Amino acid sequence: MAKITLDSLAHSYLNDPQSPEDFALQELNHDWVDGEAYALLGPSGCGKSTLLNIISGLLIPSHGRVLFDGKDVTHLPTADRNIAQVFQFPVVYDTMTVRENLAFPLRNRKLPQSEIADRVIRVARMIDMEGVLDRRASGLTADAKQKISLGRGMVRDDVNALLFDEPLTVIDPHMKWELRTQLKKLHHDFGHTMIYVTHDQTEALTFADKVVVMYDGRVVQIGTPDELFERPAHTFVGYFIGSPGMNLFDAQIDGTKARIAGTQFDLGTGYALKGGKTKIGVRPEFIRLGHHGLPARVTRVEDVGRHKIVRLDLGGQEMSAIVGEGAAVPDGGTHVQFVEGGVNVYEDDWRVSPERGDAPVAAKTEAA
Ligand SMILES: Nc1ncnc2c1ncn2[C@@H]1O[C@H](COP(=O)(O)OP(=O)(O)OP(=O)(O)O)[C@@H](O)[C@H]1O
C-alpha cells in the first residue's frame, strides 16, 4: 500500500483556462494516508471522477503532480501504477468461470497455485459466491457479475491502492449493505489504501475512515463522519450530509450575541468575523422544543419510524427538528433551544471557529 500525495493538483478540460470556473478540479494539496479508507462524496458534476481518474492514471492533470510513496507518477499509465479498480458496471471475462475470473489478477502476477486457490476461496466467501465458483460468468446476472468485479479488485494484497467508482450502483439494496460491511471488514483486516467514489452519503459514512466532501470542483472538507456531522466546515457539507440536512439561518452576530428573525440569544463565545454574510447552522438533532428560547411555529410533523421530523417556522425561516418517537409535539406555537455545542457560525459559507474553542456537543436527539 502507498501514501498518495496530491501536490498543487488542479485540472481543466479546457486548453487555456482563464478563471476558477474553467477548472473541473480546483487546486488541491493533500496526503492520502497509507492504509486509510477514504470516500469521495459529492453531487453529480462536482469533480469526483476527475480526481479519481487522475489518481488512477486515466487522466493526466493539467496542473500539479501525483506521488505514490514520494515517487512522481503523474505521467505513468494506469497499468504501471499497480492499482486495482472497480467501476460502476461489471468488467468480467464472460467465457471464464467465476473461479478463473477471481484468479486472473493473481495468475498474471504468477503467484503459486496453492496461494491462488486460497485467496480465491477467501474472496469468494466474502462476496458469497463460493457455491458458483465453477459457473461460467456469461450466465450470471449483472449483480453477480459486479460482485466478481469487486472480488477481483480485492483479491491482490500488493496493490498501491484500491479505487472504487460507485461500485454498488447495480447491486440490489440488501446486498449493498452486506458488501459495504464486507469492504469495511476487508479494510480492517488488510489495511489497503482505499478510495471510494459515491454520491450516497450513507455509503460514504459507513465505509470510510475519512470522507472527502467535494462541491463545485473543490474539496470543501476532509473529515471523519463525526466531524462532518458536528462541525461542517462549509454550509454545503451541513446541507448535504444529514437527513434532513443542517438548518441554516440568516443571522446578525455582534460579539457573543446572535439575532435570528428579531430574537437575540447568547452564543457563549465571540467569533473573529470579517464583515461577511453570517449564518447560524444547527442540525435538526440539536434542537429542543419547549417553553423557552426562540419563538417558533410548528407547521408539520412527519413520523419516520424511529423518530419524528418536526417542520417549523422561525420568524419566516423554515427549520426542521428531530425529536424522539414518543415526544409530544405542541400544535402551533412553541419555542426552540439549541443544544450546547450544536451551534456553528458561518461567514460567507465557511465555518468560523469560536474564540473559546469548540464545546463538545451535549447530546443528540432527545429521547433517542
Ligand atoms: N471529458 C470531459 N471534457 C470536458 N468536461 C468534462 C469532461 N469530463 C467531465 N467534465 C466536466 O467536469 C466537471 C466534473 O465532472 P466529473 O465527472 O469529474 O464529476 P463527478 O462528480 O464525477 O460527476 P458524476 O457523479 O456525475 O460522475 C463537470 O462539470 C463535467 O461536465
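The coordinates are above.
Residues numbered from 1 in each chain as written. Predicted model: local features only at pLDDT ≥ 70, side-chain atom pairs only at ≥ 80, totals over all residues.

Considering the nonpolar core
Okay, so step 1: Ranked by size, the top nonpolar core spans 71 residues in total, and within it Tyr38, Ala39, Leu40, Ile195 and Val213 carry the most contacts.
Okay, so step 2: Each of domain 1 (4-230) and domain 2 (236-352) contributes no fewer than three residues to this core.
Okay, so step 3: Once residues within four sequence positions are removed from consideration, Tyr38 is found in contact with Trp32, Met194, Ile195, Tyr196, Ala208, Lys210 and Val212.
Okay, so step 4: Ranked by size, the runner-up nonpolar core spans 23 residues in total, among them Ile260, Val282, Ala321 and Val345. (Core = buried A, V, L, I, M, F, W, Y, C linked by C-beta atoms within 7 Å. Buried ≥ 20, exposed ≤ 12 C-beta atoms within 10 Å, placed from the backbone. Domains from an automatic or database assignment. Contact = placed C-beta atoms within 7 Å.)

Description of the site of the ligand
Okay, so step 1: In the vicinity of the ligand, the contacting residues are Tyr13, Ala24, Gly42, Ser44, Gly45, Cys46, Gly47, Lys48, Ser49, Thr50 and His199.
Okay, so step 2: Among the residues making up the shell around the ligand, the classes are represented as 3 nonpolar, 7 polar and 1 charged. (Near = placed C-beta within 6 Å. Nonpolar A, V, L, I, M, F, W, Y, C, P; charged D, E, K, R; others polar.)

Some words on the pairing of strand β15 (residues 278-282)
Walk down a regular strand and you will see the side chains alternate between the two sheet faces.
Okay, so step 1: Counting buried positions along β15 gives 4 out of 5 residues, so the element sits mostly inside the fold.
Okay, so step 2: Relative to β15, strand β11 (residues 247-250) runs antiparallel, the two being bridged by 4 bridges. What sits directly across from Phe249, in β15, is Ile280.
Okay, so step 3: Where β15 lies against strand β21 (residues 343-347), 5 bridges are found, and the strand directions are antiparallel. When the bridges of β21 are listed, Gly281 appears paired with Asn344. (Helix = DSSP H or I, 4+ residues; strand = E, 2+ residues; numbered from the N terminus. Pairing = 2+ DSSP bridges.)

A look at the environment of Glu203
Okay, so step 1: The residue Glu203 is located in helix α6 (residues 201-207) in this model.
Okay, so step 2: Once the C-alpha coordinates of Glu203 and Gly293 are considered, the two residues, 90 residues apart in sequence, prove to be 36 Å apart.

Considerations on the sheet that holds strand β12 (residues 252-254)
Within a sheet, adjacent strands bond to each other through the backbone by hydrogen bonds, running parallel or antiparallel.
Okay, so step 1: Judged by pairing direction, the sheet is antiparallel, and its 3 strands sit side by side in the order β12-β13-β14 without closing on themselves. Pairing within the sheet leaves two strands with one partner each, and these edge strands are β12 and β14 (263-266). Ignoring strand direction, the axes of neighbouring strands in this sheet form an average angle of 25°.
Okay, so step 2: One ladder, built from 3 bridges, connects β12 with strand β13 (residues 257-260); its direction is antiparallel. Counterpart to Gln252 in the pairing with β13 is Arg259. (Axes fitted to C-alpha atoms, helices over the stretch in contact; angles between N-to-C directions.)

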